[in-house]
Amino acid sequence: MRYLRPASAAEAVTMLSDVAGSVVLAGGQTLLNMLKLDLAQPSALVDVHRIDGLRGVRTADDGTLVVGAATTYASLAAVRGHPVADMAAGLVDRQVRNRGTIGGNCCLNDPTNNFPPLLSALGARFRILGPGGERVLPAAEFFLGTLATAVRPGELLTAIEIPPLPSNAVVAHEHLQVGADSWALARAVVRLDVVDGVVIDARVFLGAVYGSPLRLPEVERHLVGAAVTSSLADVAGAVRDVDAADDVHCSAAYRREMAEVQLRRALLAAVQRSTR
């Protein structure tokens with residue numbers, strides 16, 4: 001197995017395209033464990049974590065938050081007052097936060113991962129560089145299913161763009177994990193845009209339930225036009241019919257029940273933040 005260290009994103013794409021079986025190494029929090037367990041046999045590791053153009057967070061002129069794909073959770077957590085910073089600050093432990101990257105989290109697209117449902121609710125866009133140039137995809141087209149994204153062989157996720165939140169927006173996320181630093185059994189993310197105490201727009205996503213981040217349009221329709229009170233949490237019952245997976249941690253029925261609980265908690269948290 002070869003170890004390659006490109007100096008730029010363009011050089012990384014060239015390496016990924018020219019070396020069959022090569023994979024991207026960023027933080028390595030999942031990849032290195034897969035190598036240890038012999039679950040992956042890449043021909044080369046293309047290490048991108050030192051490429052300056054892939055690291056860091058900046059705010060564009062229009063207020064968009066641009067996050068380099070190789071930005072660590074620790075660096076992201078330093079961006080105070082943003083939902084992605086709140087999420088990053090609470091991740092696992094210090095070692096993982098100092099090495100793990102948001103791009104790796106998204107490109108793995110493990111259904112239990114934290115950022116895919118949050119970024120979906122925030123309307124994030126994903127910049128992908130490949131031999132044929134650059135593509136920019138919305139979250140709905142980027143996350144394709146369990147452990148699958150729109151990043152093709154020879155391509156590299158370079159940045160994630162998060163549009164500015166309107167001043168009347170509130171975001172809340174809740175989750176249940178096997179342990180404090182372990183896999184999630186259910187996640188819920190809620191974004192409400194509120195005017196004069198009434199929801200004018202809503203985005204609701206579940207994570208760790210089945211496949212990619214799961215949007216709940218029926219729940220969103222019930223929320224829009226409703227007064228911002230604790231009764232909003234009643235719509236959480238709609239998740240009882242969603243697809244859920246059985247695994248070694250719990251049954252599909254238990255996961256659906258916990259998804260309902262997390263959604264109810266997220267809705268109540270959003271209501272509290274909106275009425276402060």
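Residues numbered from 1 in each chain as written. Predicted model: local features only at pLDDT ≥ 70, side-chain atom pairs only at ≥ 80, totals over all residues. Heavy atoms only, no water.

Visitor: It is not clear to me how the nonpolar core should be interpreted in this structure. Could you clarify?
Guide: A general feature of soluble globular proteins is that nonpolar side chains tend to end up buried together. If you look at the biggest cluster of nonpolar residues, it comprises 33 residues, and the most contacted ones within it are Val190, Leu192, Leu206, Leu216, Leu223, Leu232 and Leu263. Contributing elements (two or more residues each) for this core: strand E11 (169-177), strand E12 (184-195), strand E13 (198-207), helix H9 (217-223) and helix H10 (252-274). Counting residues per element, this core draws most heavily on H10, which supplies 9 residues. Beyond its immediate chain neighbours, meaning those up to four positions away, Leu232 contacts Leu192, Val199, Leu223, Ala226, Ala227, Leu267 and Val271. Among the nonpolar cores identified, the runner-up in size contains 32 residues, and Leu76, Val84, Ile102 and Ile160 belong to it. (Core = buried A, V, L, I, M, F, W, Y, C linked by side-chain atoms within 4.5 Å. Buried < 20%, exposed > 50% of the residue type's maximum accessible area, 1.4 Å probe, protein only. Helix = DSSP H or I, 4+ residues; strand = E, 2+ residues; numbered from the N terminus. Contact = heavy atoms within 4.5 Å.)

Visitor: Can you help me understand H10 in this one?
Guide: Under the 1.5 Å per step criterion, the end-to-end length of H10 is 33 Å for 23 residues, consistent within 8% with the ideal 33 Å. Every buried residue of H10 is listed here: Ala252, Arg255, Met258, Ala259, Glu260, Gln262, Leu263, Ala266, Leu267, Ala269, Ala270 and Val271. Looking at the packing, one finds that the buried side of H10 touches E11, E12, E13 and H9. (Expected span 1.5 Å × (residues − 1).)

Visitor: Quick question: what am I supposed to make of the pattern of salt bridges here?
Guide: Taken as a whole and assessed by the stated rule, the structure comprises 13 salt bridges. Arg127 is the salt-bridge partner of Glu134, the closest N and O atoms lying 2.6 Å from each other. Here Glu134 falls in the partly exposed class, since its relative accessible area comes to 44%. For Glu161, the salt bridge goes to Arg127, with nearest N and O atoms at 2.7 Å. You can see Glu161 sitting in strand E10 (residues 156-162) and its partner Arg127 sitting in strand E6 (residues 125-130), a full 34 residues away along the chain. The class for Glu161 is buried, based on a relative accessible area of 12%. (Salt bridge = Lys/Arg side-chain N within 4 Å of Asp/Glu carboxyl O.)

Visitor: What is the right way to read the sheet that holds E11 from this model?
Guide: The strands making up a sheet associate through backbone hydrogen bonding, with each pair oriented either parallel or antiparallel. One open sheet holds the 4 strands; their spatial order is E11-E12-E13-E14, and the pairing between them is antiparallel. In the strand order of this sheet, the two ends are held by E11 and strand E14 (214-215), each with one partner. Sheet topology note: the E12/E13 ladder contains 9 bridges and is antiparallel. From the neighbouring strand, Arg187 faces E13, where its bridge partner is Gly207. (Pairing = 2+ DSSP bridges.)

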